[in-house]
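Chain residues, written in single-letter form:
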Amino acid sequence: MKALVTGGAGFIGSHLVDYLVKQGFEVIVVDDLSMGKIDNIENIDIVKLYVEDVRNQDFMRGLLLRERFDYIYYLAAVASVADSIERPEETHEINHNAVLKMLEFIRCSNLSIKKFLFTSSAAVYGNLSELPKREDSRVDPLSPYAIDKYATERYVLTYGELYGLPTVCVRFFNVYGPRQNPSSPYSGVLSILTNCLKRDEQFTLYGDGKQTRDFVYVEDVIQALWLISEKETSHEVFNVANGLELSLQTIMTTYERITGCKLKVSCTGGRVGEVTRSVANISKLADLGYKTHWPLERGLTQYWEGG
Ligand code: UD1
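For the structure given in this document, a descriptive report is provided here. (Residues numbered from 1 in each chain as written. Predicted model: local features only at pLDDT ≥ 70, side-chain atom pairs only at ≥ 80, totals over all residues. Heavy atoms only, no water.)

**Focus: the nonpolar core**
And step 1. Among the nonpolar cores identified, the biggest contains 43 residues, and Leu20, Tyr73 and Ile228 are the most heavily contacted of them.
And step 2. Of all the elements in the fold, those that place two or more residues in this core are strand 1 (2–6), helix 1 (11–22), strand 2 (26–30), strand 4 (71–74), strand 6 (167–172), helix 7 (218–230) and strand 11 (236–240).
And step 3. A per-element tally of this core places helix 7 first, with 8 residues.
And step 4. When residues of this core are assigned to domains, at least three map to each of domain 1 (2–173 + 217–240) and domain 2 (175–214 + 243–283 + 293–306).
And step 5. One finds Tyr74, Ala76, Leu157 and Tyr159 within the second-largest nonpolar core, a separate group that totals 31 residues. (Core = buried A, V, L, I, M, F, W, Y, C linked by side-chain atoms within 4.5 Å. Buried < 20%, exposed > 50% of the residue type's maximum accessible area, 1.4 Å probe, protein only. Helix = DSSP H or I, 4+ residues; strand = E, 2+ residues; numbered from the N terminus. Domains from an automatic or database assignment.)

**Some points on the site of the ligand**
And step 1. In the neighbourhood of the ligand, 21 residues make up the surrounding shell, with Ser121, Val189, Thr204, Arg213 and Glu274 lying closest.
And step 2. Val189 is positioned such that a nitrogen or oxygen atom in its backbone is 2.7 Å from an oxygen atom of the ligand.
And step 3. Residue Tyr206 places a main-chain N or O atom 2.9 Å away from an oxygen atom belonging to the ligand.
And step 4. Out of a free accessible area of 730 Å², the ligand has 89% covered by protein chains.
And step 5. Of all the secondary-structure elements, those providing two or more residues to the shell around the ligand are helix 6 (189–199) and strand 8 (202–206).
And step 6. Looking at the shell around the ligand element by element, the count peaks at 4 residues for strand 8.
And step 7. Mapping the shell around the ligand onto the domain boundaries places at least three of its residues in each of domain 1 (2–173 + 217–240) and domain 2 (175–214 + 243–283 + 293–306). (Near = heavy atom within 4 Å. Polar contact = N/O pair within 3.5 Å; in protein donor to acceptor, adjacent residues only side chain to side chain. Areas by Shrake-Rupley, 256 points an atom, 1.4 Å probe, with all protein chains shown as cover.)

**Structural notes on the side chain of Asp148**
And step 1. The residue Asp148 is located in helix 5 (residues 144–163) in this model.
And step 2. Summary of buried charges: Asp148 has no salt-bridge partner, and the nearest side chain of opposite charge, Lys149, is 8.9 Å away.
And step 3. Reaching out from Asp148, the side chain makes a polar contact with the side chain of His92 at a distance of 2.5 Å.
And step 4. Beyond its immediate chain neighbours, meaning those up to four positions away, Asp148 contacts Thr91, His92, Asn95 and His96. (Lys, Arg positive; Asp, Glu negative; His and termini not counted. Salt bridge = Lys/Arg side-chain N within 4 Å of Asp/Glu carboxyl O. Contact = heavy atoms within 4.5 Å.)

**Comments concerning the environment of Ser143**
And step 1. In this fold, Ser143 is placed in the loop between strand 5 (115–121) and helix 5.
And step 2. Residue class for Ser143 comes out buried when judged on its relative accessible area of 6%.
And step 3. Each C-alpha atom, one on Ser143 and one on Ala123, is 8.3 Å from the other, the two residues being 20 residues apart in sequence.
And step 4. What Ser143 contacts, discounting residues up to four positions off in sequence, is Val81, Ser84 and Ile85.

**As for the packing of helix 6 against helix 8 (residues 248–259)**
And step 1. Viewed as axis vectors pointing N to C, helix 6 and helix 8 meet at an angle of 40°, and their least axial separation amounts to 11 Å. When the interaxial angle is binned, helix 6 and helix 8 end up oblique. Between helix 6 and helix 8 lies a crossing whose hand is right-handed. Facing Val189, Leu190, Leu193, Thr194 and Leu197 of helix 6, the residues of helix 8 in contact are Leu248, Ile251, Met252, Tyr255 and Thr259.
And step 2. Looking at the contact of helix 6 with helix 8, its residues break down into 8 nonpolar, 2 polar and no charged. (Axes fitted to C-alpha atoms, helices over the stretch in contact; angles between N-to-C directions. Parallel < 35°, antiparallel > 145°, perpendicular 65-115°, else oblique. Left-handed = near helix turned anticlockwise from the far one by under 90°. Nonpolar A, V, L, I, M, F, W, Y, C, P; charged D, E, K, R; others polar.)

**Topic: the pairing of strand 11**
And step 1. The buried fraction of strand 11 is high, at 4 of 5 residues.
And step 2. Note that strand 6 and strand 11 share 5 bridges and pair parallel. Within strand 11, the position partnered with Cys169 by the bridge is Val237. (Pairing = 2+ DSSP bridges.)

Right under this line is the structure:
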């Protein structure tokens, strides 16, 4: 079996690559290393890595024709809401146009694939009050990032239905774990918290800490991606989360207890466009056999010790 992982040197992508290699897949990664790192890939000696931009159509088309992938996992993206607000047009080129062009090329070239999995985000749900979010809950994309993710989802699913491509989309909630880069202003809060605790640096808390999120450990995310790609799934969307709503304040206290370190906190106003509460209904994923193996305390402990 041969798999393409775009964004495969990034945080989630590299964990997926490791897993696929262990399953005996031949894995090819396309990553421009704008956020990813070569060191993230454990088996770099057997993984073929192309340092390329997914917008490079000549390259991408040549690769698809040459390699004839069984599975395509599309993770390459401008991965942050705030980043997309800084550069909406470029985000659109990367997060939307590049995916659409790949789908169109697959269609026109009659390439046969077993599954095309596109990674979307809980950001598509926006700030509507209905909780927990089900895959059929109303969406309200509020940023260039969320708009592109939602529009691309629709294309991915509609291409699947219209042209018989086995396409699926996943909506990641707040994924955390080793290799999440803490150094960007757009980094996930748990990588920033880990960094602050390890270096005894000040953590800036946006808002009152009562905002809630559904944090899911990266190993559980990989389990979900594997189930979704292996089971009979097609033209549908899956939430990928833990299914538990926790406040940021609870996360901070739990992490302090686990590490035995005291967090230095400075408070500032909430972020613009911030989602107040977020939690997923994960019953669709559970129907595929998904079980969370990494409750928060276990995930945080592992992240602290190994990440
Ligand atoms: C996350 C995802 C985003 C996704 C969205 C879906 C990350 C990095 N971002 O955004 O890609 O589209 O979920 O809902 O995973 N915070 C602080 N101090 C900090 C950093 C963050 O207080 O230094 C707070 C934020 O204001 C927020 C919470 O922590 O309330 C989580 O922030 P963050 O990890 O950036 O994730 P989301 O904003 O939920």
